[in-house]
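# Examination of the molecular architecture
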Amino acid sequence: MSAGSAATRRRPLRLGVIAATLTGLLLLLCCTGGTAAFFLTGLGGDDAKDGNDQASLECGPIRSVNITGELPRFIEYGDAQIRNAAIIIKVGQDMKVPSRGWVIALATAMQESALRNLANSKVPASLALPHEGVGADHDSLGLFQQRPGWGTVAQRMTPAYTARKFYEKLVKVRTWQHQPLTAVAQRVQISAYPDAYAKHEEVSSRIVNALAGGAARTVEINGKAVCNAAERGQIAASGWTAPVPGNVVSGFRTASRPGHDGADIGVAKGTEIRAAAAGRVLTAKCDPDHRGREDCNVDGYPDKGGCGWFVDLLHAGGYVTRYCHMVVQPRVKKGQMVAAGEVIGQVGSSGNSSGPHLHFEVHLRNDRNPSGAVNPVPFMRDRGAPLRRPA
């Protein structure tokens, strides 16, 4: 099945997610259809490696960041800003903070200072210290815009010091590794704009991957960083997890089903379905079949049409994930906020389906139409939460 089914296509769909390409797997189940960052000069020499290329490299082992060596470049930030990012990550490594903390710290500094060590026109002493810009927010200073309670002027203008102070408060936040980035950052920073941090999570993860050997694709298991293993409620440092632990049995837009806008994951009826990332529920309802019937409390069949019981979630960055064929009404409601890994429903075979499985879609650019759909297999792999392939 797919939210690209005829029933779903009849209604205007508005929201969506990101991408890449991979060929699909054998058809075993029937499913139809389908930063406000500052750009500065000094990105690095002509030989500097592109950070996006680095971020796509395979995960592990995690590298210790060299803050004095050559660093990759990113179009979003200049060389000085990426060096500040390296300092933030290195402090986290030295303190043995799990890599999820590095992603949160970077996203926070992106929002607070665009990764610039800011002096303040209201704090004259700060102007005499090395800085990369001048702010005017109360008496806030440095990468994290920390106020006097965080340290002296000289301390708050020292990137490594400010990063350490941030991490010291971060690790005291209860269950911080499983909470949404914006919630954790707000607990540490107590900002006037608590929802602003989440939009930086994607770029923050890319920088962590490029500088630290794919570290945003790891999850902490028994105190060790394990690559590409985020499932069953385990959350990768990127903030993502696989929705169910099962093999992909039918792929994205295969030659035999070019209108299949997601991947089918074969798992037993009743298996818990988890939110792939923190987000807001856009839709949680029964999708009508080809005849307009809303009878999702019974098993479907091939060519019936419709997604059955399904959920759409909107995530930071304009990503939307879709979860189809639930066995009963979803556990979440429209407008509800959910955490990554939170159970939103159970696997079933409602709608256009020939057997129990989860039809999972990823869209970009807030576009829930087929035009916004992308292959979820490489998308989830790049976030350390891969959808399994058959052995």
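Residues numbered from 1 in each chain as written. Predicted model: local features only at pLDDT ≥ 70, side-chain atom pairs only at ≥ 80, totals over all residues. Heavy atoms only, no water.

### Here we look at the overall build of the protein chain
- Scanning the protein chain for helices and strands turns up 10 helices and 14 strands.
- Scored against the burial criterion, the 391 residues of the protein chain give a buried share of 56%.
- Carbon and sulfur atoms make up 53% of the accessible area of the protein chain, which totals about 15900 Å². (Helix = DSSP H or I, 4+ residues; strand = E, 2+ residues; numbered from the N terminus. Buried < 20%, exposed > 50% of the residue type's maximum accessible area, 1.4 Å probe, protein only. Areas by Shrake-Rupley, 256 points an atom, 1.4 Å probe, with all protein chains shown as cover.)

### Here's the deal with the packing of aromatic side chains
- Overall, the coordinates contain 6 aromatic pairs when judged by the stated rule.
- Where Trp240 meets Tyr319, the ring centres are 6.2 Å apart and the plane angle is 65°; that geometry is what we call edge-to-face. You can see Trp240 sitting in the loop between strand E4 (224-227) and strand E5 (247-250) and its partner Tyr319 sitting in strand E10 (residues 319-326), a full 79 residues away along the chain.
- You can call Trp240 buried: its relative accessible area is 6%.
- Here Tyr323 and Phe360 contribute two aromatic rings whose centre-to-centre distance is 5.4 Å and whose plane-to-plane angle is 50°, an arrangement assigned as tilted. Placement of Tyr323 in strand E10 and of Phe360 in strand E13 (residues 358-363) is noted, with a sequence separation of 37 residues between them. Pair check on accessibility: Tyr323 and Phe360 agree, each one buried.
- Members of the aromatic cluster, each reached through a chain of ring pairs, are Phe144, Phe166 and Tyr167.
- Directly above the aromatic system of Trp240 lies the positively charged group of Arg383, at a separation of 5.9 Å from the ring centroid.
- Here the guanidinium or amino end of Arg383 rests over the ring plane of Phe379, the centre of that ring lying 3.6 Å away. (Phe/Tyr/Trp six-rings, centres within 6.5 Å; stacked < 30°, edge-to-face > 60°. Lys NZ or Arg CZ within 6 Å of the ring centre and 35° of its normal.)

### A look at the nonpolar core
- With 44 residues, the main nonpolar core has Ile88, Leu106, Tyr167, Leu170, Ile207 and Leu211 as its most contacted residues.
- Listed by contribution, the elements that provide at least two residues to this core are helix H3 (79-94), helix H4 (99-113), helix H7 (159-170), helix H8 (181-189) and helix H9 (201-211).
- Top contributing element to this core by residue count: H4, with 8 residues.
- Excluding residues that lie within four positions of it along the chain, Leu211 makes contacts with Arg63, Val65, Leu71, Pro72, Phe74, Ile82, Ala85, Ala86 and Ile89.
- Ala236, Val244, Ala275 and Cys296 belong to the second-largest nonpolar core, a separate cluster that totals 35 residues. (Core = buried A, V, L, I, M, F, W, Y, C linked by side-chain atoms within 4.5 Å. Contact = heavy atoms within 4.5 Å.)

### What about the state of the cysteines?
- For the structure shown, the criterion picks out 2 disulfides.
- With a sulfur-sulfur separation of 2.0 Å, Cys286 is cross-linked through a disulfide to Cys296. Measuring handedness by torsion sign, the sulfur bridge of Cys286 and Cys296 sits at about 80° and is right-handed. In this pair, Cys286 is assigned in strand E8 (residues 279-287) and Cys296 in the loop between E8 and strand E9 (308-315), connecting sequence segments 10 residues apart.
- The buried category is assigned to Cys296, whose relative accessible area is 4%. (Disulfide = S-S within 2.5 Å.)

### Some thoughts on unusual backbone geometry
- For Arg232, which is not glycine, the phi torsion reads 55° and is therefore positive.
- Note that Arg232 resides in the loop between E4 and E5.
- Positioned with a positive phi, Asn366 is a non-glycine residue whose angle comes to about 55°.
- Following the sequence through the fold, Asn366 ends up in the loop between E13 and strand E14 (373-374).
- We classify Asn366 as partly exposed; its relative accessible area is 32%.

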